[in-house]
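Read off the chains here:
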Amino acid sequence: MNSQENNANDGLEKTIQTNFQKAMSYGDYLQLDKVLSSQLRVSDHHDEMLFIIIHQASELWMKLIIHELSAAVEYIQNNNLEPSFKILSRVSRIQQQLIQSWSVLSTLTPSEYLEFRDKLGQSSGFQSYQNRLIEFALGNKNVHTLAVYQHQKELYEKMQAALQQPSIYDAAIKALVARGLHIDGEVRHRDLAKNYEHNASVEEAWLKVYRNVDQYWDLYELAEKLVDIGNQQQLWRFNHMTTVERIIGHKQGTGGSTGVTYLKRVLDQQFFPELWSLRTKL
């Protein structure tokens, strides 16, 4: 009999902690009593549990994305680009988790969803403030979207403040300026609360970076990390749209949007436009 078999026969290893009356356990640390008691169904339908958990898990991943993007922006603003690279790679991996979640939700059939959809009232993923914060952090800003948060004063003020903050692309453009690359004043002094739009001087600056990789390797690496994140966000949007279409077709969304039609329009809102347009000109 080998040592592994001995351990199995002896039960728990002698060093394993079993007394948690005065010590913090795994469940205590993660506050699992709160997390696992938060799946409160409004119907008695079996599949509503899937619907709730997918969205709650997505919100947790979104919370981590916001946490990581905030740190990355700070590094870039301080002209310390390299530490942001690992952070941005992590964001891209988190986005992959979010993208994959749609394939799990797609196991919910139209007939099954219709059995509890009416119980959701006017609640909708459109109201996810964390998804909105991510969009803001990536440069897609729209003051009109804040209207759905007016009933929560503290949250509404938080969203207003986020609208005024520089996006990660604003920070990247500032890094271009710090390296002596020309950027038009209208971009450098633009209203940060407005959606970012393509600018020729920004495209020329990035073109110089891509044509002189050895000289601007860190800026080049930053640009490619941003392209990864922008691409993943678009994939998330696309999978969201196709999952919604698969489950409810072209019905109106529970929150009043046009549903799939609205989600298709959102796909036209591109992140970091010059990082895509420059590829044609290289």
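Residues numbered from 1 in each chain as written. Predicted model: local features only at pLDDT ≥ 70, side-chain atom pairs only at ≥ 80, totals over all residues. Heavy atoms only, no water.

Chemist: Give me the overall build of the chain: which residues, what numbers.
Modeler: Scanning the chain from terminus to terminus reveals 14 helices and zero strands. With the C-alpha coordinates aligned to their principal axes, the bounding extent of the chain is approximately 70 × 55 × 35 Å. Each of the 282 residues in the chain was classed as buried or not, and the buried ones make up 40%. For the chain, the exposed surface amounts to about 16600 Å²; the carbon and sulfur share of it is 50%. Seen as two clouds, the 29 positive and the 33 negative side-chain charges of the chain have centres 3 Å apart. (Helix = DSSP H or I, 4+ residues; strand = E, 2+ residues; numbered from the N terminus. Buried < 20%, exposed > 50% of the residue type's maximum accessible area, 1.4 Å probe, protein only. Areas by Shrake-Rupley, 256 points an atom, 1.4 Å probe, with all protein chains shown as cover. Lys, Arg positive; Asp, Glu negative; His and termini not counted. Charge placed at Lys NZ, Arg CZ, Asp CG, Glu CD.)

Chemist: For the pattern of salt bridges, give the residues involved together with the corresponding values.
Modeler: Enumeration over the complete set of coordinates arrives at eight salt bridges. In this structure, lysine 153 and glutamate 157 form a salt bridge, with 2.7 Å as the shortest nitrogen-oxygen distance. Residue lysine 153 and its partner glutamate 157 are located together in helix H8 (residues 153-164), separated by four residues, close to a single helical turn. (Salt bridge = Lys/Arg side-chain N within 4 Å of Asp/Glu carboxyl O.)

Chemist: How would you sum up the nonpolar core? Please name residues and give values.
Modeler: With 59 residues, the main nonpolar core has Ile168, Tyr169, Trp206, Leu219, Leu226 and Leu275 as its most contacted residues. Counting residues per element, the ones that place at least two in this core are helix H4 (48-77), helix H5 (82-105), helix H9 (168-178), helix H11 (200-211), helix H12 (217-248), helix H13 (260-266) and helix H14 (273-281). For this core, the leading source of residues is H12, giving 11 residues. If near-sequence neighbours (up to four positions away) are discounted, leucine 219 is found in contact with Leu81, Ala175, Leu176, Arg179, Leu181, Trp206 and Val209. Counting nine residues, the second-largest nonpolar core is a separate cluster that includes Leu133, Leu146, Tyr149 and Ala193. (Core = buried A, V, L, I, M, F, W, Y, C linked by side-chain atoms within 4.5 Å. Contact = heavy atoms within 4.5 Å.)

Chemist: Help me get a handle on unusual backbone geometry, residues and values and all.
Modeler: If you check the backbone angles, glutamine 31 has positive phi at about 50° while not being a glycine. You can see glutamine 31 is positioned in the loop between helix H2 (26-30) and helix H3 (32-35). Judged by relative accessible area, which is 37%, glutamine 31 ranks as partly exposed.

Chemist: Pulling in residues and values, what's your account of the packing of aromatic side chains?
Modeler: Under the criterion given, the structure shown has 10 aromatic pairs. Three or more aromatic residues link up through ring pairs in this structure, and these residues are Tyr169, Tyr196, Phe271 and Phe272. The lysine or arginine in question, arginine 132, covers the ring of phenylalanine 126, its NZ or CZ lying 5.1 Å from the ring centre. One residue, arginine 279, lies across the ring of tryptophan 276, its end atom 5.8 Å from the ring centre. (Phe/Tyr/Trp six-rings, centres within 6.5 Å; stacked < 30°, edge-to-face > 60°. Lys NZ or Arg CZ within 6 Å of the ring centre and 35° of its normal.)

Chemist: How would you summarise the environment of glycine 121 if you had to cite specific residues and measurements?
Modeler: By the element assignment, glycine 121 lies in the loop between helix H6 (110-114) and helix H7 (129-137). Glycine 121 gets classed as partly exposed once you look at its relative accessible area, which sits at 41%. On a C-alpha basis, the gap between glycine 121 and glycine 255 in space is 8.1 Å, while along the polypeptide they are 134 residues apart.

Chemist: Which residues make up H14, and what values do they have?
Modeler: Those residues of H14 not exposed but buried are Pro273, Glu274, Leu275 and Leu278. The elements touched by buried residues of H14 are H9, H11 and H12.

Chemist: Lay out the side chain of serine 201 in plain terms, naming residues and giving numbers.
Modeler: Examined against the element boundaries, serine 201 turns out to sit in helix H11. Here serine 201 falls in the buried class, since its relative accessible area comes to 7%. In terms of polar contacts, serine 201 uses its side chain to reach the backbone amide nitrogen of aspartate 184, at 2.9 Å. Those residues within four positions of serine 201 in sequence are excluded, and the remaining contacts are His182, Ile183 and Asp184. (Polar contact = N/O pair within 3.5 Å; in protein donor to acceptor, adjacent residues only side chain to side chain.)

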